[in-house]
Amino acid sequence: MARDEINAFLGAGTVYQGQLSFQGAVRIDGNFVGEVHSEGTLIVGKDANVEGQVRVGQLILSGRVTGEVTAQRKVILHRTGNLNGNLSTPVLVMEEGAVIEGRISMQPAEKTE
């Protein structure tokens, strides 16, 4: 995903608490505590730390997420990714070295007709 496709960016050193709702794609490279709700893509950078409930269309994880994660379409964990919490997604892609500590539920995506 090219940088110009990202709608918002929370850079390294950024600390944010609250609720994040967005369309498109958002990248977090800092620290976020709270809730994330979107049908879009959340990108969690290698040095990022996200704590709380994450409900997105797609999650691309290179950093750390602690909390309940629900992805409508797909979760991609890169080798530096660390998820500590329950995960629900129809598609899971993991690189060697990625870590998940929690329960994984993989239900087929709902078809829209």
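For the structure itself, consult the block above.
Only a predicted model underlies this, so the values are computations on that prediction, with no experimental measurement involved.

S.K.: Help me understand the pairing of strand β6 (residues 49–61), please; the structure alone is not making it clear to me.
M.R.: Looking down a regular strand, the side chains alternate between one sheet face and the other. Note that strand β4 (residues 31–38) and β6 share seven bridges and pair parallel. Bridge pairing in β6 places G34 opposite G52. Relative to β6, strand β5 (residues 41–44) is paired through four bridges, and the arrangement is parallel. From the neighbouring strand, V44 faces β6, where its bridge partner is L61. Pairing analysis gives three bridges linking β6 to strand β7 (residues 64–66), with the strands arranged parallel. Its bridge partner lying in β7, N49 is registered against R64. Here β6 pairs with strand β8 (residues 69–77) via seven bridges, running parallel. Within β8, the residue paired with L59 across the bridge is V75.

S.K.: Would you mind showing me how to read the side chain of S62 here?
M.R.: Residue position: S62 is located in the loop between β6 and β7. Once residues within four sequence positions are removed from consideration, S62 is found in contact with V44, G45, K46, H78, T80 and G81.

Rules used throughout
Residues numbered from 1 in each chain as written. Predicted model: local features only at pLDDT ≥ 70, side-chain atom pairs only at ≥ 80, totals over all residues. Heavy atoms only, no water. Pairing = 2+ DSSP bridges. Helix = DSSP H or I, 4+ residues; strand = E, 2+ residues; numbered from the N terminus. Contact = heavy atoms within 4.5 Å.

Function cannot be inferred from these measures alone, as they are strictly geometric.
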